[in-house]
Amino acid sequence: MEENSDDTAAGGEREYKAGCLTSQTHNNAELEESAAKAKCDPMNNLHEAQHPVMSALTLVLIGDSNSIEIGPKNILIDHDEPTKVDQFSSKLYDLCGRHISVINMLGFPNVDKIPLNQEVDAFLLLLPNNVHSGHYKGTMQWLESIFGTAFLSYVITVETRKQGEKCGSALTVLKANSSFSEKRYHTCTRDMMNENEITALLETIDVMVLENKQRYTRLMCDESKDQREDLDNKPDDEERVETGTEEMKTESPAEPKENQSDDHPGGESEYNPVPSEPKEKDIMEESSDDTAAGGEGEHEADSLTSRTNNNDTLNLEMSGNKDKQSVNISEETDRKKQRQKETETLLSRLHLQDRYPQKLSPADFLQIGLPVKHSHDVSEKDLANTFLQRLMMLDYRARYIPVKQDNPELGSLQSVPMSNSDDTEDSDDLDALFNNDVDFDQPKQSQVHPMDVQMAVFHCSNSFLKLNLITKLSQCQYALPLLVPDPLTRDIECPLWTFRQIIKTWKINEIKANSTTVTMKHMPICKAETSMVSFFRLGSLSVSKSQLMNSLINERHNTFFHRNCPGSTKSCHLIDGMAEIAWYFPAATTDDSFTDCIAFCNLRGDALLLEKQREILTERSSVNVVLVPTLEKSQKSTGVISALYKFQKPLIILVADSDRGAIKMKEGKYKMGLKDRSQSDVSDELKGLIGNMLSGPHTTFKLESVTEVTGIRVDEDDEVCKKGKSAAMDMVGLLQGMDVLKIKGTFLPCQGQLWHKWCRTNKELYHLKGDIEEEKSKKQQELTQIRRDQCKASSSKLMKSFTDSLLSLPSKDKEYYLKWTQILIDSLSTDDLSLILQRYDEKWSEVLDLKKKRDKSDLLKSKQNELEQISNELQSVTFGLEHMFREMGQIYEAHKSQKTRTTSRQNNWSKYPELAADLMISGHPMELMDGDAGHVPLTWISGLLDEVIKKLKDPQDPQKDLRVFVLSVLGVQSSGKSTMLNAMFGLQFAVSAGRCTKGAFMQLVKVSEEIKKDFKFDYILVVDTEGLRAQELAGKATYHHDNELATFVVGLGNMTLINIFGENPAEMQDVLQIIVQAFMRMKKVKLSPSCVFVHQNVTDIAAAERNMDGKRRLQEKLDQMTQLAAKEEVCDVECFSDVIAFDVQKDVKYFAQLWEGSPPMAPPNPGYSKSVQELKTIILSKASQSEGITLKHFKTKIHDLWNALMNEHFVFSFKNTLEIAVYRQLEIQYGNWTWALRSNLLTIENQLHTTIENGKLDKIELNYLSREMSTKYEEIKKEMTIYFKDSRDKEMLVQWQGRFENKIKEFLEDEVKEVKRKLDEVIQQKKACKKLDDEKTEFENKLLQKSKELAHQLRDKATDEKELKKEFDSFWSHWVTELTADTKPIEDIDLEEDKVKILEQLSFECCFINESKSRGDYKRIPIIGNYFQKPSNENKETSKKSWMKRTWQYVQQKTGMTSTTQKAKNVLEHEEQERIRSFINDVEHQSLNAIKTKPVATRGYRSAYLLEVAKNVQNSMTEFESERTYKLTKKFTVDLLLYVFDRAASWLIESHKTYKMNNDAHTYLDSKKDYYYIIFRSFCKGNSSAVVFGELICEKLKVSTVEAVCNKTAIDLAEEMRCNVPAFSGNRMNLEKHVLKSLAEKKDFDGFITYIRQPRTQAETFIKEEVQKYIFTKQKGRALTILKKNVDDIKIRVSKALFTATSEVQEKGGNINMWVKEFSSFLKTDLTLGTICCQNFGDIKEFDFLKEEIENGLTSIMEEMSCISLEKMKEFRLQPDQILIDQLCKCCWVKCPFCAAVCTNTLEDHDPDDHSVPFHRSTAVKGWHKRNTKIMSIEFCTTKVASVRRFYHRESETSIPYKEYRTAGPRYKNWRITPDESKLPYWKWFVCQFQEQLEDHYDLKFEGRGEIPSEWRNYSREDAIESLDEMFKQPEE
């Protein structure tokens, strides 16, 4: 054979190659292409032409209408309507001067519309860029079928591209995959506007025209049609090999849409090749026994020979070769080609051609896609996908999917053939009626056989999808493929692997000790050793073998598909020769057909021709059943029957043409007739025969034994499967011979007692008693020790083998390894599990019986104990893959907690989360909550989810967070939760008997790309849980466990499915209350999940009235449970809809019962599957409205919920970590927004301040300031809107949006008012100084005049500087005296004298006053440790430490004390100590505020101000003492008053200094002496007025420039530090962290005490220190750069002022007054120039000269300014530290009532949010002690609120449980203190570091119950500082 010859390629052989599935196709195509190139090079031909081809052309455009952009500028075509008429192209004429007609047939119209009345020069096939090669091949095949083979010589493929695209690679692919003779390709842009491209195309056409030598005509097309019709009329056994494929169906972008013309409805029929159906009986009988028209006819051997010969002839006829060759093709090759053609056609029709072989995987279906189509919507191309989707939903009707008709007008009549004799006479009509040979419009193509759909999917599935497919078929009670012929080679395969997942349960009656007992069997079907009955057909039959078998197994269900099933057709390609197997499982009832499990095997097709399969089955059958048409010796079947008759196996022969009943021929050999007998009679008789035969000794069958059969392939022999199995066997081999009950304890030690003990100990941390910190420390040490023990035990051989395999195996091998591991592990415990389950059922029944009898005897307790013991055994024997992963999790947690270095010995534990993440992503469920321990392994889950997040990160958008929609489910045990989820999403949650879900599992389901646009998340994360009221927990704390589980699961889910089994909600009362309570808790912690109630096992879901009544009862029950739960949760709600958004009409779904009949033989109820689909639609509809949550948020949510659940009070304990993190970020943004406003307002204030000082402004309006700030405020509002709208956490931020918008508005209003207040003060000061200001002008004029006169007198001495200075000084004193003769100087104040006078005025003895002043102790009054102590006799000349020990009496008890108060004689209760401190702070604050309201800066100091403050302090003390059982001594009062005076002194002195500077003439004149000396000296030197005036101006500029530069630099430096200093760039909490770091680094105890007592004071001190370091040390260079920039800016500004003033004066002819006015006006907002006197400078006319003089002086000033010290800034109004203090310290400073930790909220008033801190402290920090003792209380608040301890409430004289601390009064009510068992090294280190100082300070001791735990002393300062970073770290969002 010369397969590569041109002729063969062009002719019949090409048709075969076009559809070939093998790689030979591509090789032949390449050979053909090379041959074609050798024969003809188009470009060479073009060059060889002697003249250009300029004739007229007719072109036809065919192909994809989307591949061209038709428009007025398109050169090729500008009309977009398909037409039969050629249209002259004017644009082509303009381009090349030729008459070219173009016919637009784009869109692939039907063949009868192709206009071929005229001749055609070329067909241009237009295809879009990057077209699939399969699409291209399919298109060419279809065109060839329409236009004939000759057409290929006239076609040019034109691949179009968009602007900027390239076509090179796409063309290469098309060429490489083409197997046709046409080799002309061209590319151009879709708009066809490029003249060069069109010219090149025309050149290619001309070359083709030259080669073809004639045009394409109708004749060529007709000849091709005639050839096809001749072939179509041949018998089927001579049928030609089809040339076309149907690849176009899936991939052609030009496929017509349904709204196109009626000639091609549905867009499919005209493309599809029409496979001829068998017409001869012998060919028909080759098909399935149940699908052939005549039954199960035989395939004649001679028909194969005939068919082969005819095909040989056909190949020669269609080759097109002139030199006809004789091609000898063997029969096998011929049959293989035919099978190949049929298979490819079938796969193409099902759109599976790209999925063969074995390319479909579970991942293709483990995703949320388009909803499953209804039956009337399914087209043929959707059949396979719909079949799989429905099967995964356990819908056994998946096999009966009617196909939507392509032409909607034909409707259901399309399948009815129509006679061609419509127009004949009546008599002819009758002739046609009685004539079987009359032509009909018979459909050319029948629908696809349902079993072909099933087996096509099977062959296209990989091993794991096959596994799922067969498992689902088994669950649907369908027969399963046992022996499967290869569609092409017919090699037989046994898919043993696909059975491995099937586990079956059945019951049998056994007689033991003369009594009948029911025995339950539960095992993998592969290992079940059962009887097997095989059915064969010999020859053609009119009865259905499969239907007969169904009647034996299940009369109501079609286990085996047969000819009478819906959708059955005559043509079936894939099941002939296949053997199917199904099992009958008894239930040990009287209705059983058989007493034990029996396998039934059905061989499809004629067993005469299927020798191999027949031999295999007969050898392994217990009974063989043969169906024959007749029982005669002359039949071909005689030999087979004889052999079976002689064979030792029992035999039943069923004879189709016999009507006799069963006849026993000899022992074990029967025959029975079928003719004229009802199927039920035959079935009953057959059951009796089979039962009788199997009652005696017989051979048994086990699936695994098939591996011993020679001559067939077993799928488990695949190398990759064998590798996985080998590795799994090696691992499981370690368990062989062990007692199953001991396996987990021996090989999985980390998850056993150690883990359970860890969980118990961890929970005990939240319920501490006694010495809490000591107990807590011990518990934590126990936890650490358990983790160490786990580390030691973590290297078991089993786990090492398991993890090594996971780490080393390739991904494919790993899949098999895991599945084999699961299979082998499950099989280990099968027998034991069955026995224990049976014992459990029996014992449970006994307990229930006793309970019904209300028996409370010891017998009931005994039975319950026995039940508990069996439950423990059940837990021990349950061993699966999830336990292996649980062990991995515990190993990881143990090593992680111990920070173990990874070594090979420890199996690289750090890789475990990555391994688990890979599996979770691939679709494996992962354990979220350990059901045995009832605990969530938080560290393991975090590591796992971190890896999932990392692996699923979008590489194109790494910042995008992966979002999931969390769907959780709750319900009672065994209510079908897992089954429902598996059916809904195709998941793998365990559902078999004895494998009920324990704890909670999670599994990811991807949202497919086709529907992703409708959702805002990427995955659905399904959480399956164990049942509430689980039987395993009977007798334990069931209610608490269920409550815990329900709260956890409801909190996790965006939606929770509440699964109720049955119709009566009253039976679910307990569970409903638990669920309602869980939702109520979510409401209280501001989580808002949704829910849907699912009623399963409802008898009549269609009864609307019943459902309405059921919904009403459910609503009533929910409302009732809500009211009960509200009492327990203290929540003000009345009905369930108050708790959660719930609509009983929409959010309740009724489910049909799962089984259609009674298990184990009942198939799933189709109504159940429908309900699943409807529920899925509801879920997705609700989910589409949800944002979902990020996987990071889900991770933190797990932590938050679980940590809160560890405490008794969930609501008080819940801490939403992500919400906290989002709020912290919002605080930072709030800081940025307020700083932007503050910074802008500072600039405005600075400018207005300068303007006021210059006398240019005497009034400030609030509206003016608001208008000035409006632009910036609008910018901030826009920023806020964008932040709240576009943030990825917008759904969480929305709760704060309104509040923060109001806070920003309030902030601006407050700041504007404050600025107005400051500026009003400046204005008031300016007005108060008006008298002096008026005098200043007079002074300056007089001084200028006198200086000028004196200078004129001393001009001769101008060179003697000393003499000039001496003379000036002499005259200056005289001038000042003269000028201030009528002015009295303002005296300085003497505060010390005033303090003593005021105290004496208040009747305090001098001795008290002098003692306190001399000692100076009053300065420390706020930080004294104990205010109630007796005086000591220590020497007062002592150190600071001794001072702390020195004591004095501040408090004395009142008379008439009770015995109770007497007990507190020497130690004042800690709470009262705090009250005194708080009182001192309040008095100080009030006094300072009162003093600062006094007009000292404008009117001067008055001693009455201090007297008023002193009286207010006395009044406050009187009020304070009235509420106490003690009074404060005089000594305390004196010290307090001195302290307040001392605090006020600095402000009074500074304010009075300002007053004096602004109002004292002497002071003012003294400050001007140097200034006038310069003027005087200048006059002496003879300088002109312009020079002197220039110097005067420069002197003013020098002073004011320094002030302006320093003020502006202060603002700029504050801005700089706000951005760059870490302590200043965050929120309030960030500042707190850096303050604490600073204190720890300095080990400053006094600083700590200040921080503890007055945190704001310490924070301000810290800010000042940091500012000092930044400006003068760390960033001094940067600070100088900022200062220099401001100097340059001022210089530029002054230069502009000089230029403007000079230009204005010169232009208008002004004088010096005008110049000064213009100059001052320009700089009024920049510099404080004051009044500039011009009276003595009226002679200045040369303003350019003046400008030049000032510029020279300005240069000198700027040079001086460049060298100015940063210290200079301290002298001026604005200070960077104060600016930052105003910004950072305007926040909440409320302290925790227990430990004095400061609320870290950035908002000063953050109501309604509670006060909170990230962590609290030991109460010893604040000086708490045990009542009536001197023993320190060292416990942390967060530990106390989780304990059973109480604290004493002074006001109510009662003790209050710490857990109810909020009830203790206002100070406690608004604090949120969440229980926290985390380690807090910082304050533990502090207590240990400063133990002695704390004891001295508070006069208390760390001893007894207050002894510091030894574990605290292990922390270093570095640990403490590091813990700050950890605790203040932003939680992951």
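Residues numbered from 1 in each chain as written. Predicted model: local features only at pLDDT ≥ 70, side-chain atom pairs only at ≥ 80, totals over all residues. Heavy atoms only, no water.

(A) Structural view of the overall build of the chain. Per the secondary structure count, the chain includes 68 helices and 31 strands. The proportion of buried residues among the 1933 residues of the chain is 56%. Within the chain, counting contacts between residues at least 6 apart in sequence, those at least 24 apart form 75% of the total. Carbon and sulfur atoms provide 48% of the accessible area of the chain, an area that totals close to 83,400 Å². (Helix = DSSP H or I, 4+ residues; strand = E, 2+ residues; numbered from the N terminus. Buried < 20%, exposed > 50% of the residue type's maximum accessible area, 1.4 Å probe, protein only. Contact = heavy atoms within 4.5 Å. Areas by Shrake-Rupley, 256 points an atom, 1.4 Å probe, with all protein chains shown as cover.)

(B) Structural context of the sheet that holds strand β6 (residues 185-189). Strands sit in the order β2-β3-β1-β4-β5-β6 across an open sheet of six strands; the sheet is mixed. Because the sheet does not close on itself, it has two edges, and the strands there are β2 (87-88) and β6. With six bridges connecting them, strand β4 (residues 122-128) and strand β5 (residues 155-161) associate as parallel partners. Across the sheet, the residue bridging to Leu127 is Glu159, located in β5. Contacting β1 (57-63), β3 (100-104), β4, β5 and β6, helix α8 (residues 195-212) crosses the sheet at an angle of about 165 degrees to β5. (Pairing = 2+ DSSP bridges. Axes fitted to C-alpha atoms, helices over the stretch in contact; angles between N-to-C directions.)

(C) Molecular detail of the environment of Gly107. Secondary-structure assignment places Gly107 in the loop between β3 and β4. What makes Gly107 partly exposed here is its relative accessible area of 21%. Through-space distance from the C-alpha of Gly107 to that of Asn66 is 8.8 Å; in sequence the pair is 41 residues apart.

(D) Spatial organisation of the side chain of Lys863. Among the secondary structure elements, Lys863 is positioned in helix α29 (residues 858-877). Judged by relative accessible area, which is 17%, Lys863 ranks as buried. Once residues within four sequence positions are removed from consideration, Lys863 is found in contact with Lys843, Glu846, Val847 and Leu850.

(E) Here's a closer look at the side chain of Thr1609. Looking at the secondary structure, you find Thr1609 in helix α56 (residues 1585-1620). By relative accessible area, Thr1609 is classed as buried at 0%. Ignoring any residue separated from it by four or fewer positions in sequence, one finds Thr1609 in contact with Ile1682, Leu1683, Asn1686 and Met1769.

(F) Region of interest: the pattern of salt bridges. A full pass over the atoms with the stated rule returns 76 salt bridges. Residues Asp1899 and Lys1830 are paired through a salt bridge, measuring 2.9 Å at the closest nitrogen-oxygen approach. In this pair, Asp1899 sits in the loop between α67 (1891-1898) and α68 (1917-1927) while Lys1830 sits in the loop between α63 (1776-1784) and α64 (1837-1840), placing the two residues 69 residues apart along the sequence. Ionic contacts of the salt-bridge type, sharing partners, join the residues Arg500, Lys527, Glu704, Glu716 and Lys725 into one network. (Salt bridge = Lys/Arg side-chain N within 4 Å of Asp/Glu carboxyl O.)

(G) Region of interest: the packing of helix α33 (residues 977-985) against helix α38 (residues 1166-1183). Remark: α33 packs on α38, axes separated minimally by 9 Å, with the N-to-C direction vectors making an angle of 75 degrees. Looking at the two axes, α33 sits roughly perpendicular to α38. Here α33 contributes Thr979, Met980, Ala983, Met984 and Phe985 to the contact with α38, which in turn contributes Tyr1168, Val1172, Leu1175, Lys1176 and Ile1179. Looking at side-chain class alone, the contact of α33 with α38 contains eight nonpolar, one polar and one charged residues. (Parallel < 35°, antiparallel > 145°, perpendicular 65-115°, else oblique. Nonpolar A, V, L, I, M, F, W, Y, C, P; charged D, E, K, R; others polar.)

(H) Just the nonpolar core, in detail. Core analysis: the biggest nonpolar cluster contains 135 residues, and Phe802, Met884, Met1002, Phe1048, Phe1093, Phe1194 and Ile1198 have the highest contact counts within it. Looking at this core element by element, the count peaks at nine residues for helix α35 (residues 1069-1084). Sequence-distant contacts of Ile1198, that is, excluding residues within four places in its chain, are made with Leu928, Val936, Leu938, Ile941, Leu945, Phe1048 and Leu1052. Ranked by size, the runner-up nonpolar core spans 122 residues in total, among them Val1588, Leu1746, Met1761 and Ile1834. (Core = buried A, V, L, I, M, F, W, Y, C linked by side-chain atoms within 4.5 Å.)

(I) Looking closely at the pairing of β1. Within β1, seven of the seven residues are buried, which leaves the element mostly enclosed by the surrounding structure. Both faces of β1 are covered, namely the face carrying Leu57, Leu59, Leu61 and Gly63 and the face carrying Thr58, Val60 and Ile62. The pairing of β1 with β3 spans five bridges and is parallel. The partner of Thr58 across the bridge, within β3, is Ser101. Examined bridge by bridge, β1 and β4 share five bridges and lie parallel to one another. Looking across to β4, one finds that Val60 is bridged to Phe123.

(J) Structural detail: unusual backbone geometry. Cis rather than trans, the peptide bond between Tyr356 and Pro357 has omega equal to -10 degrees. Mapped onto the elements of the fold, Pro357 is located in the loop between α13 (331-349) and β7 (367-368). Cis geometry marks the peptide bond from Pro1159 to Pro1160, where omega comes out at 10 degrees. With respect to the helices, strands and loops of the structure, Pro1160 is situated in the loop between β26 (1148-1152) and α38. Despite not being glycine, Met192 shows a phi value in the positive range, around 55 degrees. On the secondary structure map, Met192 appears in the loop between β6 and α8. Residue Asp676 is not a glycine yet carries a positive backbone phi of 55 degrees. Summarising the element assignment, Asp676 is placed in the loop between β18 (669-673) and α21 (679-695).

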